[in-house]
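Take a look at the letters that make up each chain.
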Amino acid sequence: FTVLFIYFTCVSTAQTTDCLHLREQCVNAANGCESVWDVVEDACNISVLGNGCKAEDTVGCNRIIQVLADEYPEFKNCVCTTDDICSITTLLGKQCSTNKDNISPETKLQWGLSALSKQAYTTNRSCLDVNRECVEDEVCNKQLSLYLKVCLVNKKCNMEGCQAAIRFFYGNMPFEVAQMMIFCDCIQHDESCHRAKELLHGKPCAVTAVPPPSCLSVIHMCEENELCRKKYTTFQSKCWRHVTKQCYEDEACLETLLKDDMPCSANADCKAAYVSNWGTMLHMECTCQNLPPVEQPLCELFHHMLHSKSCFS
């Protein structure tokens, strides 16, 4: 038994050391990983000095660690499921303390957002009202503050970091609340509402590139990214089954389709898939201008799939 104990202790220590080394590589990578790590630091309450953390919200901390592993598979061995603090201690080391005496953050999240959830199925909620209700809710406001801290920086916008923060923000909300925030809207001349809408929807940092990419480029970039490709495949199958059934990954076939002939399923699974796209390049604003005429039909089809509200109007 002593030998086994020493063996597992050594394995655990080695794994933690490897994960700490991966953290150093991530921070210095300049490939977007450091942006996701910034969100990890905030969600897990890591010391600026890098010598410890106090993960009070273990659910939120675990979720952003999972986001990190989804995007950067080298971290996959730093994620585990044995208990609430397993991933945290594996990735961040034993110096990261957690408060097990606190009420479960998952329960706290559901309780704290119960007032918001009751209004989730009201259509066409004002984005100003939704934003105000989130700010007045302790748990929602904490999540919103974390997201805005990454997306509203005074220096140059870091799109990858902001997108990661949006995925974390909406992934940490009960689906009904995420849906209410994403499908909120404003009347034309209500400036305060439009500002609130931009805050909730990650504009301009997470969605606006200059110059805007073509919608063809967005789809091709997404297909090269494992996380985005999975979300896009789900989105196609849940919302645009006509496309999936007839022309799956066949652009020559897709060019023959007209957007007016494409029925959208518009069901609950489709809404969930659409919400899941937020915080990925699929949600970026894209254009079909300045493309050769031969590429226009396919580009416009992709624009319709990604940005048409015909599914949810």
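In case you missed it, the structure is sitting above this.
Treat the numbers as computed from the prediction; the structure is a model and nothing was measured. (Residues numbered from 1 in each chain as written. Predicted model: local features only at pLDDT ≥ 70, side-chain atom pairs only at ≥ 80, totals over all residues. Heavy atoms only, no water.)

Asks: Explain the overall build of the chain to me, please; I cannot follow it from the model alone.
Replies: When helices and strands are tallied, the chain shows 17 helices and 2 strands. Burial status across the chain gives 45% buried among its 313 residues. Within the chain, residue pairs in contact and separated by at least 24 positions form 70% of the contacts whose partners lie at least 6 positions apart. Roughly 16700 Å² of accessible area belongs to the chain as shown, and the carbon and sulfur atoms make up 53% of that amount. (Helix = DSSP H or I, 4+ residues; strand = E, 2+ residues; numbered from the N terminus. Buried < 20%, exposed > 50% of the residue type's maximum accessible area, 1.4 Å probe, protein only. Contact = heavy atoms within 4.5 Å. Areas by Shrake-Rupley, 256 points an atom, 1.4 Å probe, with all protein chains shown as cover.)

Asks: Teacher, can you tell me more about unusual backbone geometry here?
Replies: The phi torsion of most residues other than glycine is negative, and most of the peptide bonds are trans. Lysine 203 connects to proline 204 through a cis peptide bond whose omega is 0°. Looking at where proline 204 falls in the secondary structure, it is placed in the loop between helix H11 (191-200) and helix H12 (215-223). In this chain, valine 210 is followed by proline 211 through a cis amide linkage whose omega measures -5°.

Asks: I keep staring at empty space enclosed by the protein and nothing clicks. Help me out?
Replies: Leftover empty space is mapped by rolling, across the atoms, a probe with the size of a water molecule. All chains considered together, the criterion is met by 3 cavities of 30 Å³ or more. Put simply, the largest cavity is a space of about 50 Å³. If you trace the largest cavity, you find it lined by Phe235, Tyr274, Asn277, Trp278, Leu282, His283, Met305 and Leu306. For the lining of the largest cavity, the class distribution of residues is 6 nonpolar, 2 polar and no charged. (1 Å grid on protein atoms, 1.4 Å probe; cavity = no way out; pocket = protein on both sides within 12 Å on 5 of 7 lines; lining within 4 Å. Points joined across faces, edges and corners; volume = space filled by probe spheres on them. Nonpolar A, V, L, I, M, F, W, Y, C, P; charged D, E, K, R; others polar.)

Asks: What am I meant to see in the state of the cysteines here?
Replies: What we call a disulfide is simply a covalent bond connecting the sulfur atoms of a pair of cysteines. Throughout the structure, instances matching the rule amount to 10 disulfides. What pairs with cysteine 134 in a disulfide is cysteine 140, and their sulfur atoms sit 2.0 Å apart. The disulfide joining cysteine 134 to cysteine 140 has a torsion of about -95° about its S-S bond and is therefore left-handed. Of the two residues examined, cysteine 134 and cysteine 140, each falls in the buried class. For cysteine 186, the disulfide goes to cysteine 193, at an S-S distance of 2.1 Å. The chirality of the disulfide connecting cysteine 186 with cysteine 193 is left-handed, given an S-S dihedral of about -85°. The class of cysteine 193 is buried, set by a relative accessible area of 1%. (Disulfide = S-S within 2.5 Å.)

Asks: Mind showing me how you'd approach the packing of aromatic side chains here?
Replies: As enumerated under the stated definition, the model contains 6 aromatic pairs in all. Here the aromatic residues Tyr147, Phe169, Tyr170, Phe183, Phe235, Tyr274 and Trp278 are joined through ring pairs into a cluster of three or more. (Phe/Tyr/Trp six-rings, centres within 6.5 Å; stacked < 30°, edge-to-face > 60°.)

Asks: Where do I start with the pattern of salt bridges in this structure?
Replies: With the rule as written, the count across this model stands at 4 salt bridges. With its nearest N and O atoms 3.1 Å apart, the salt bridge here joins aspartate 185 to lysine 197. Within this pair, whereas aspartate 185 is found in the loop between helix H10 (175-182) and H11, its partner lysine 197 is found in helix H11, the two being separated by 12 residues in sequence. Residue aspartate 185 is classed as partly exposed on the basis of its relative accessible area, which comes to 37%. Look at lysine 197 and you get partly exposed, because its relative accessible area is 22%. (Salt bridge = Lys/Arg side-chain N within 4 Å of Asp/Glu carboxyl O.)

Asks: Would you mind showing me how to read the layout of surface pockets here?
Replies: Quantified by volume, the second largest pocket comes out at close to 400 Å³. What lines the second largest pocket is a set of 20 residues, among which Glu71, Glu160, Gln163, Asn225 and Met281 lie closest to the centre. Of all the secondary-structure elements, those providing two or more residues to the lining of the second largest pocket are helix H9 (159-171) and helix H13 (226-239). Considering each element in turn, the lining of the second largest pocket owes the most residues, 5 residues, to H9. Here the residues of the lining of the second largest pocket sort into 11 nonpolar, 6 polar and 3 charged.

Asks: Please clarify how helix H16 (residues 268-276) should be interpreted in this entry.
Replies: Spacing of three or four residues puts side chains on the same side of an α-helix, whose turn is 3.6 residues. Listing the buried residues of H16 in full gives Cys270, Ala273, Tyr274 and Val275. The elements touched by buried residues of H16 are H10, H13 and helix H17 (296-307). Where H16 begins, one side-chain oxygen reaches toward the backbone nitrogen of aspartate 269, 3.3 Å away; that side chain belongs to asparagine 267. (Polar contact = N/O pair within 3.5 Å; in protein donor to acceptor, adjacent residues only side chain to side chain.)

Asks: Just to check I follow, could you spell out the packing of helix H2 (residues 33-43) against helix H8 (residues 138-151) for this structure?
Replies: For any two helices packed against each other, the geometry is given by the interaxial angle and the distance between the axes. For the pair H2 and H8, interaxial distance at closest approach is 11 Å and the crossing angle is 145°. As H2 packs across H8, the resulting crossing turns out to be right-handed. Of the residues in H8, those in contact with Val39, Asp42 and Ala43 of H2 are Leu146, Lys149 and Val150. Here the residues of the contact of H2 with H8 are counted per class, giving 4 nonpolar, no polar and 2 charged. (Axes fitted to C-alpha atoms, helices over the stretch in contact; angles between N-to-C directions. Left-handed = near helix turned anticlockwise from the far one by under 90°.)

Asks: Sorry if this is basic, but what is going on with the side chain of arginine 125 here?
Replies: With respect to the helices, strands and loops of the structure, arginine 125 is situated in the loop between helix H6 (114-117) and helix H7 (127-136). Here the side chain of arginine 125 touches glutamate 133 through a polar contact of 2.8 Å, side chain to side chain.

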